[in-house]
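Topology and contacts: notes
These are the residues of each chain, in order.
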Amino acid sequence: MLGPVILAASRSERTRRFLTTTPMTRPVVGRFIAGESVEGTLPVIKDMADRGLDVTLDVLGEDVSDPADALRARDSYLRLVDALAPLALGPRAEMSVKLSAFGQALPGGHDLALRHATAVAEAAAAIGTTVTLDMEDHTTTDSTLAVHSELLRAFPRTGAVIQSYLFRSEDDCRELARAGSRVRLVKGAYKEPPSVAHQDRAEVDKAYIRCLKILMTGDCYPMVGSHDPRIVAIAGELAERAGRGPDDYEFQMLYGIRTAEHARLAAQGHRMRVYVAFGTDWYGYFMRRLAERPANLAFFLRSLATRG
Ligand code: FDA
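Quick look at the structure, then. Everything numeric in this text was worked out from a predicted model, so none of it was measured. (Residues numbered from 1 in each chain as written. Predicted model: local features only at pLDDT ≥ 70, side-chain atom pairs only at ≥ 80, totals over all residues. Heavy atoms only, no water.)

1. Section: the packing of helix α5 (residues 67-84) against helix α6 (residues 109-126)
Put simply, the rule is: Every axis in this analysis is a line fitted to C-alpha atoms, fitted for helices over the stretch in contact. Angles between the N-to-C directions lie between 0 and 180 degrees. Secondary structure follows DSSP: runs of H or I at least 4 residues long count as helices, runs of E at least 2 residues long count as strands, and numbering of each begins at the N terminus. In these notes the angle categories are as follows: under 35 degrees is roughly parallel, over 145 is roughly antiparallel, 65 to 115 is roughly perpendicular, and the rest is oblique. We call two residues contacting when some pair of their heavy atoms lies within 4.5 Å. Classes in brief: Ala, Val, Leu, Ile, Met, Phe, Trp, Tyr, Cys and Pro nonpolar; Asp, Glu, Lys and Arg charged; the others, Gly included, polar.
For the pair α5 and α6, the least separation of the axes is 9 Å and the interaxial angle reads 10°. When the interaxial angle is binned, α5 and α6 end up roughly parallel. Contacts between α5 and α6 involve Ala70, Leu71, Arg74, Tyr77, Leu78 and Val81 from the first element and Leu112, His116, Ala119, Val120, Ala123 and Ala124 from the second. Looking at the contact of α5 with α6 residue by residue, the classes come out as ten nonpolar, one polar and one charged.

Shown next, in the form of structure tokens:
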């Protein structure tokens with residue numbers, strides 16, 4: 001119940017101002033954010049690669065309302081690609097992109113976001129890797145899937161994200177499974193109305209399994225984006241039943257969450273990719289992590305109280 005309240009509070013400008021200006025927030029934010037700059041994050045990426053973990057990199061930022069900020073967001077990704085090139089990790093280090101950071105909500109924003117995403121996908125392809133388009137709130141789903149399908153023409157390894165809490169997602173999974181693309185399945189992290197999304201966690205979990213079955217039995221490359229032990233176990237069983245080997249799907253988890261599980265899955269020979277978010281614009285991402293697990297909020301408030 002607390003999750004939706006936190007997500008609603010995350011829209012408050014006063015909350016944003018308080019949390020982003022108080023230095024006491026930093027240590028807690030650091031659990032989920034790998035660094036503030038590319039340079040500060042490269043050692044984290046190298047360390048993960050050495051431990052057999054792949055990464056998908058998110059330069060934090062979303063909901064831009066100025067075309068100049070959208071351009072800056074694109075350029076941050078291009079700088080990231082330049083910095084990654086010497087590591088020669090190829091597809092082991094891909095990029096996760098939020099189209100709202102590329103101006104999707106601006107007038108003419110669909111085309112703008114497509115142009116910026118194309119530039120990043122081109123740069124990524126030049127160093128042997130690719131891009132996955134994160135999925136944001138349901139008002140952006142059609143536009144994001146349309147950008148994804150445009151990008152697939154030139155960059156067939158472009159990834160899409162499907163959120164199992166949306167009623168539409170089984171249909172979207174069928175579509176993407178046929179297209180043979182890379183699909184990250186997640187439960188969904190935004191506050192959505194009952195007209196478009198399951199509100200009950202058990203229903204979201206059941207929908208996840210239905211979507212996963214479609215992806216595992218289809219032609220696509222499923223990316224299982226979840227920390228839920230039950231889902232991880234079922235994904236393994238479904239993959240085996242569908243005759244998929246370790247190269248035919250992967251697990252994905254967020255930086256800072258269930259890290260022992262990252263290591264366990266990699267050690268078992270699974271492809272394990274960690275979603276590594278970095279940058280200074282961490283507010284929206286951080287609030288979604290608090291909302292997913294009310295215990296995080298308690299921990300956060302306790303640490304504010306003791307440091308204060
Ligand atoms: P669930 O929430 O049931 O958590 C299962 C267990 O994982 C918990 O019991 C706890 O142990 C641990 N856990 C989960 N969240 C935690 C947290 N915040 N802090 C501490 N422990 C936590 N969403 C979206 O809408 N669009 C997107 O593009 C993406 N992209 C994305 C990429 C990747 C790689 C992942 C793993 C997730 C996303 N998400 C996302 C977020 C996703 O929608 C979802 O909100 C979270 O993954 C939490 O759901 P779980 O499936 O982990 O299950």
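Still to come is the rest of the account.
2. Considering the nonpolar core
For clarity, the threshold we go by: In this description, a nonpolar core means a group of buried Ala, Val, Leu, Ile, Met, Phe, Trp, Tyr and Cys residues linked to one another through side-chain atoms lying within 4.5 Å. Exposed residues in this analysis have more than 50% of their type's maximum accessible area, buried residues have under 20%, and partly exposed residues fall in between, with area computed by a 1.4 Å probe over protein chains only.
In terms of nonpolar packing, the biggest core is built from 71 residues, with Leu80 and Phe102 touching the most fellow members. The residues touching leucine 80, leaving out its near neighbours within four places in the chain, are Val38, Leu57, Val59, Met95 and Phe278. Listed in part, the 22 residues of the second largest apolar core include Ile257, Leu290, Ala291 and Leu304.

3. With respect to the site of the ligand
Put simply, the test is: If a single non-hydrogen atom of a residue is within 4 Å of a molecule or strand, that residue counts as near it. Whenever two N or O atoms come within 3.5 Å, that pair is a polar contact, provided that in protein one can donate a hydrogen and the other can accept it, and provided that, for residues adjacent in sequence, both atoms are side-chain atoms. Computed with the Shrake-Rupley method and a 1.4 Å probe, the accessible areas treat only the protein chains shown as cover for residues. Put simply, the grid is 1 Å and covers the protein atoms alone, a cavity is a trapped set of points that fit a 1.4 Å probe, a pocket is an open set with protein on both sides within 12 Å along at least five of seven lines, and lining residues have an atom within 4 Å of a point. To be counted as sitting in a cavity or pocket, a molecule needs more than half of its atoms within 2 Å of that site's grid points.
With respect to spatial proximity, 26 residues lie near the ligand, and among them Gly188, Ser226, His227, Glu292 and Asn296 are the closest. One of the backbone nitrogen or oxygen atoms of alanine 189 is found 3.0 Å away from an oxygen atom of the ligand. Histidine 227 places a polar side-chain atom, nitrogen or oxygen, 2.7 Å from an oxygen atom of the ligand. Here the ligand has 930 Å² of accessible area as a free molecule, and 88% of this is covered by the chains. The pocket occupied by the ligand, as judged from atoms lying within 2 Å of grid points, is the largest pocket. Put simply, the parts of the chain that give the shell around the ligand at least two residues each are β4 (159-163), β5 (182-186), β7 (250-254) and α12 (283-292).

4. Overview of unusual backbone geometry
Backbone geometry at aspartate 63 places phi at a positive 55°, although glycine is not the residue there. Looking at where aspartate 63 falls in the secondary structure, it is placed in the loop between β1 (54-59) and α5. Looking at aspartate 63, the relative accessible area reads 46%, which means it is partly exposed. Its identity as a non-glycine residue notwithstanding, alanine 88 has a phi of 50°, on the positive side. In this structure, alanine 88 sits in the loop between α5 and β2 (93-97).

5. Here's the deal with the pairing of β2
Rule in force here: Any two strands between which DSSP finds at least two bridges are classified as paired. The handedness of a crossover follows from its direction of travel: if, with the strands pointing away from the viewer, the path from the first strand over the helix to the second runs clockwise, the crossover is right-handed.
With five of five residues buried, β2 is to be regarded as a mostly interior element. Burial along β2 is two-sided: the residues Ala93, Met95 and Val97 and Glu94 and Ser96 are all buried. Two elements, β1 and β2, share four bridges in a ladder whose sense is parallel. Paired with aspartate 58 across the strands is serine 96, a residue of β2. One crossover worth recording links β1 to the parallel β2 by way of α5, and it is right-handed. Pairing analysis gives three bridges linking β2 to strand β3 (residues 131-133), with the strands arranged parallel. Counted as the bridge partner of serine 96 is threonine 132 from β3. As for the winding sense of the linkage, the β-α-β connection from β2 through α6 to β3 is right-handed.

6. Regarding helix α10 (residues 229-241)
We apply this condition: Expected helix span is taken as 1.5 Å per residue step, with the number of steps being one fewer than the number of residues. Within this analysis, the arc is defined by the directions that extend from the helix axis to the C-beta atoms.
The end-to-end C-alpha separation of α10 is 19 Å, in line with the 18 Å expected for 13 residues at 1.5 Å each. Of the residues making up α10, those classed as buried are Ile231, Val232, Ile234, Ala235, Leu238 and Ala239. Buried residues in α10, looked at end-on, bunch into an arc of 165°, giving them a common side. Those residues of α10 that are exposed and angled more than 90 degrees off the buried face are Pro229, Arg230, Glu240 and Arg241. In the core, the buried residues of α10 are packed alongside α9 (201-217), β6 (221-225), β7 and α11 (259-267). Of the residues flanking the end of α10, it is glycine 243, one or two places downstream, whose phi is positive at about 75°.

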